[in-house]
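For reference, the chains in residue letters:
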Amino acid sequence: DSIFTRLNKVNFEFLRNYIIFVRRKYRPILSKKASVFIKSAYVFLKISNKKNLKNLFVKNRLSKLESMIKVSESIAKIRMSNKVDSTDALEAIRLVQDLSN
């Protein structure tokens, strides 16, 4: 095995152990501020899609709201935090919006 192959195995093993550890230890909950950000973003997206009627029934379902919440929780887990803060929420909103455009 080359040095690169061994390093890749070590990196993969570290990442795998990190994911297992984070899944077991952290169960982030939304802070009040993060909750307000996500709710406001969802309402804004819903209103803006009503103006664009062709997207009204396709793009905005509760799944978008759920996605913002789950992504923000995942970001908090990456930071190894049990609290979803406003920066986690903002990043989740940005990611969900980027993916839906």
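Here goes a summary of the coordinates provided. The model shown is predicted, which means the values in this text are computed figures rather than measured ones. Here the residue numbering is sequential within each chain, running from 1 through the sequence in written order. Totals for whole chains, interfaces and linings use all residues, but because this is a predicted model, local features are given only for residues with pLDDT of at least 70 and pairs of side-chain atoms are given and counted only at 80 or more. Side-chain measures here rest on the full set of heavy atoms in the structure, leaving out hydrogens and waters.

Next up on the list: the side chain of Ser86. Under the DSSP-based scheme used, a helix requires at least four consecutive residues in state H or I and a strand at least two consecutive residues in state E, with every element numbered from the N terminus. Along the chain, Ser86 turns up in helix α4 (residues 86-100). Exposure classes here rest on a 1.4 Å probe applied to the protein chains alone. A residue is buried below 20% of its type maximum, exposed above 50%, and partly exposed in between. For Ser86, a relative accessible area of 18% gives the class buried. Setting aside chain neighbours within four positions, we find Ser86 in contact with Ser31, Lys33, Ala34 and Phe37. Should any heavy atoms of two residues lie within 4.5 Å, those residues are counted as being in contact.

What follows concerns the nonpolar core. By nonpolar core is meant a set of buried Ala, Val, Leu, Ile, Met, Phe, Trp, Tyr and Cys residues that side-chain atoms within 4.5 Å join together. Grouped together as the largest cluster of nonpolar side chains are 11 residues: Ala34, Ile38, Ala41, Tyr42, Leu45, Met68, Ala76, Val84, Ala89, Ile93 and Val96. If we skip the residues at most four places from it in the chain, Val96 touches Lys64, Ser67, Met68 and Val71.

The geometry of helix α3 (residues 62-78) relative to α4 is characterised by a closest axis approach of 8 Å and an angle of 130° between their N-to-C directions. Between α3 and α4, the interaxial angle falls into the category oblique. Where α3 crosses over α4, the two elements pack in a sense that is right-handed. Residues Lys64, Ser67, Met68, Val71, Ser72, Ile75 and Ala76 of α3 lie in contact with α4, whose contacting residues are Asp88, Ala89, Glu91, Ala92, Ile93, Leu95, Val96 and Ser100. Axis lines are fitted to C-alpha atoms, over the contacting stretch for helices. Their N-to-C directions set the angle, which ranges from 0 to 180 degrees. Any angle from 65 to 115 degrees is called roughly perpendicular, while one under 35 is roughly parallel, one over 145 is roughly antiparallel, and all others are oblique. It is the rotation of the near helix from the far one that decides the hand of a crossing: anticlockwise by less than a right angle makes it left-handed, clockwise makes it right-handed.

Geometry only, nothing functional implied.
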